[in-house]
Every structure is written in C-alpha cells, then in structure tokens.
Amino acid sequence: MEIKSCPFCGQEAVLNVQEFSFGYKRFEVYCTSCLVAKSNYDSSLSAINAWNHRRGKMNIAVDETGVWKSLTDIEKLGATAFIFKKISEHGRESGSFRFLIYTRLGFDTDAYSVLLESGGLDISNNLVIPPKED
Ligand SMILES: [Zn+2]
C-alpha cells in the first residue's frame, strides 16, 4: 500500500516497525522531515491507512496582514517584542527551524507550512548573531 506524502509539509513519510520482546510489534508512519507521526498501530496496514486519511492543515489560510490589523497597538507591541526576543535568542544560540517554531515559539505542527512559506526556514538557516559583549 502506498504511503502518502506528509499532509503538513509535503515531504516523504515512511513506515516504522517497533519490535518488542515476545514478538510484540507496533507500527507507525512518520514524516521524515517534520517528524509528525501516526503511531501505535497493530499492523502496517492500519498505520498506513490512518496516515493516508490524516487531515493535514497545509491549507490553513492565514491572512497575516488581516490578523495584524485586528490587533490593538499593545498587542502588536507585545507580539513583536516576543518574536524579536525569540529570533534574537535563536540567532545567538542557533538550532533548527523546527526547534525555532515548536520549542522557542511554542507552535505545533499545524504551523509548519505557514511559517515555512513566510520565510522562517530562510531566517533560521541564515541567522547568526554574535554573542553580546559584556
Ligand atoms: Zn512533514
């Protein structure tokens, strides 16, 4: 059975079999890029089936300009200060794009493609900020 590409980022997904003692096995399908998974199935067929029917949110339409305009000035200031802080932390301490969006910014996998398309991967890959001098 064919495994569909990742519904979140569009990259390749693969089947993984976890083998435990006494021949006990669990099956999962996971994305090789963003690591989203459908786990803990009794058979490869049910894992693949669950994966292939997973509804991704690649088509989340975020009107970021509209969202921005709907915020108050204090919300804009707070959001911008937070993002600046996290981006600058990321530039000094580095890390992957996924680390930036999931760990530093606190998003889940639904945010992956939206933030990818907004240029986040380029920022993450190219950003190097020298450490602060005391
Ligand atoms: Zn993916």
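In this text the structure is predicted, and so the values were computed from the model without any measurement.

Cut-off values and rules
- Residues numbered from 1 in each chain as written.
- Predicted model: local features only at pLDDT ≥ 70, side-chain atom pairs only at ≥ 80, totals over all residues.
- Buried ≥ 20, exposed ≤ 12 C-beta atoms within 10 Å, placed from the backbone.
- Helix = DSSP H or I, 4+ residues; strand = E, 2+ residues; numbered from the N terminus.
- Arc of directions from axis to C-beta.
- Contact = placed C-beta atoms within 7 Å.
- Pairing = 2+ DSSP bridges.
- Axes fitted to C-alpha atoms, helices over the stretch in contact; angles between N-to-C directions.
- Domains from an automatic or database assignment.

A few points about helix H1 (residues 44–52)
Considered for burial, the residues of H1 that qualify are Ala47, Ile48 and Trp51. Viewed end-on, H1 has its buried residues packed into an arc of 95 degrees, placing them on one side of the element. The secondary structure elements touched by the buried residues of H1 are strand S1 (13–19), strand S2 (25–31) and strand S3 (37–41).

Details of unusual backbone geometry
One non-glycine residue with positive phi stands out, namely Leu35, at about 70 degrees. Inspection of the secondary structure puts Leu35 in the loop between S2 and S3. The backbone of Ser94 shows a phi angle near 60 degrees, a positive value even though the residue is not glycine. Position of Ser94 relative to the elements: it lies in the loop between helix H3 (73–93) and helix H4 (97–104).

Some points on the sheet that holds S3
As summarised here, the arrangement of the three strands in space is S1-S2-S3, forming an open sheet in which the pairing is antiparallel. Only two strands of the sheet have a single partner each, and these edge strands are S1 and S3. Strand after strand, the sheet turns through a mean of 15 degrees between neighbouring axes, direction not considered. Here seven bridges tie S1 to S2, and the two strands are oriented antiparallel to one another. The residue of S2 that forms the bridge with Leu15 is Val29.

Some points on the environment of Asp42
Structurally, Asp42 is set in the loop between S3 and H1. What makes Asp42 exposed here is the crowd of 10 C-beta atoms within 10 Å. Distance in space between the C-alpha atoms of Asp42 and Arg26 is 5.6 Å, their sequence separation being 16 residues.

Structural notes on the domain arrangement of the protein
Reports often express the size of an interface as the amount of accessible area lost when the parts come together. Assigned domains of the protein: these are domain 1 (13–52) and domain 2 (64–126). Just the C-alpha atoms count here: the centres of domain 1 and domain 2 sit 31 Å apart.

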